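# Secondary and tertiary structure notes
These are the residues of each chain, in order.
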Amino acid sequence: MAAADYRRLVGVLEAVDRVPGLRGFQEQLVRALQSWYGYAGVAVLHGDTLREAVEKGCGVQGGYSPRFLADYAARWADADPFRTERTHRLLMSAGVVTLNEVAPDGEYGERFLRPHGISDKVGTVIDGGAAGVLYVGMAVRDSPHVPARDVAVLHTLRRHLAPLAVEQLTRHREQLALGTDWRLTPREWEVARLAAHGLTNQRIADRLFVGIDTVKKHLTRILDETGCANRAQLASRWREGG
């Protein structure tokens with residue numbers, strides 16, 4: 001890759017590194033892909049499977065107009081080539097797939113995307129196994145097709161994003177498994193998770209790049225919100241939920 005490609009890759013990774021919470025990670029990834037790659041629209045979706053991620057649309061999207069989204073939902077969702085089993089199999093094996101590969105000159109592109117100013121789309125998937133799946137879909141406006149150079153960079157970006165995405169998916173699944181009504185911020189959830197897994201205040205501070213006093217303040221709030229008397233009780237509650 002050229003130096004400019006490495007700068008874009010690093011720019012995206014720096015934007016999402018150490019972001020607390022899955023939704024924050026998704027929001028930052030949307031903005032970074034728009035900023036560093038100029039994609040017209042970006043969707044970052046998650047689910048237990050690729051089909052669930054794509055069809056239920058649980059996640060964050062940006063750059064698409066309300067008219068585009070309404071038209072898609074009303075008329076074109078069922079015709080979307082990225083919702084077919086064939087494309088899902090190709091995504092899971094190849095990692096990155098363009099619309100031109102699965103439906104060149106198809107009705108979906110000609111009658112739906114192009115009237116909205118979109119010339120091509122590309123999707124990539126990160127399979128987190130038991131933690132779930134993260135799907136990223138991106139739309140192109142200023143080029144007839146997704147440039148081959150961008151596809152190559154996306155393959156590399158996907159490999160570097162994978163451990164960050166899997167960690168976020170794992171944390172999110174742990175929170176859901178707890179099944180509590182704890183009202184914690186994303187950062188407090190992360191401190192709670194690390195404390196429940198036995199990390200000391202200093203190690204938590206080092207992991208999250210914050211001061212030890214900040215960790216102590218978070219833990220005080222966490223214990224108060226969860227009703228736990230101490231870290232041992234918090235760890236017990238966490239294990240019961242997991």
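Further up the page is the structure itself.
Residues numbered from 1 in each chain as written. Predicted model: local features only at pLDDT ≥ 70, side-chain atom pairs only at ≥ 80, totals over all residues. Heavy atoms only, no water.

### As for the side chain of Glu 188
Along the chain, Glu 188 falls in helix α9 (residues 186-196). A polar contact is formed between the side chain of Glu 188 and the backbone nitrogen of Thr 185, at a distance of 2.9 Å. When near neighbours in sequence (up to four residues on either side) are disregarded, Glu 188 contacts Arg 183, His 218, Arg 221 and Ile 222. (Helix = DSSP H or I, 4+ residues; strand = E, 2+ residues; numbered from the N terminus. Polar contact = N/O pair within 3.5 Å; in protein donor to acceptor, adjacent residues only side chain to side chain. Contact = heavy atoms within 4.5 Å.)

### Some words on the nonpolar core
Membership of the largest hydrophobic core comes to 31 residues, with the highest contact counts inside it found for Leu 29, Leu 33, Tyr 39 and Leu 157. Mapped onto this core, the elements with two or more residues apiece are α1 (3-16), α2 (22-37), β1 (41-47), β4 (120-127), β5 (133-140) and α8 (148-178). Not counting the four nearest positions on each side in its chain, Leu 29 is found in contact with Val 12, Val 16, Val 44, Val 136 and Leu 161. Of all hydrophobic cores here, the second largest spans 23 residues; its members include Val 54, Tyr 72, Phe 112 and Ile 118. (Core = buried A, V, L, I, M, F, W, Y, C linked by side-chain atoms within 4.5 Å. Buried < 20%, exposed > 50% of the residue type's maximum accessible area, 1.4 Å probe, protein only.)

### Regarding empty space enclosed by the protein
Applying the stated criterion across every chain, the model contains two cavities of 30 Å³ or more. Taken as a whole, the largest cavity holds about 80 Å³ of empty space. Around the largest cavity, the lining residues are Leu 29, Leu 33, Thr 124, Val 125, Ile 126, Val 136, Met 138, Leu 154, Leu 157, Arg 158 and Leu 161. Counting residues per element, the ones that place at least two in the lining of the largest cavity are α2, β4, β5 and α8. For the lining of the largest cavity, the leading source of residues is α8, giving four residues. In the lining of the largest cavity, the residues fall into nine nonpolar, one polar and one charged. Along the walls of the second largest cavity sit Leu 99, Asn 100, Ala 103, Pro 104, Asp 105, Gly 106, Gly 109, Arg 114, Ser 119, Asp 120 and His 145, which together make up its complete lining. Considering only residue class, the lining of the second largest cavity consists of three nonpolar, five polar and three charged. (1 Å grid on protein atoms, 1.4 Å probe; cavity = no way out; pocket = protein on both sides within 12 Å on 5 of 7 lines; lining within 4 Å. Points joined across faces, edges and corners; volume = space filled by probe spheres on them. Nonpolar A, V, L, I, M, F, W, Y, C, P; charged D, E, K, R; others polar.)

### So, unusual backbone geometry
With a phi close to 65 degrees, Arg 18 is a non-glycine residue in the positive phi region. Relative to the helices and strands, Arg 18 resides in the loop between α1 and α2. If you check the backbone angles, Asp 105 has positive phi at about 60 degrees while not being a glycine. Structurally, the position occupied by Asp 105 is in the loop between α6 (99-102) and α7 (107-113). Using a relative accessible area of 66% as the deciding quantity, one classes Asp 105 as exposed.

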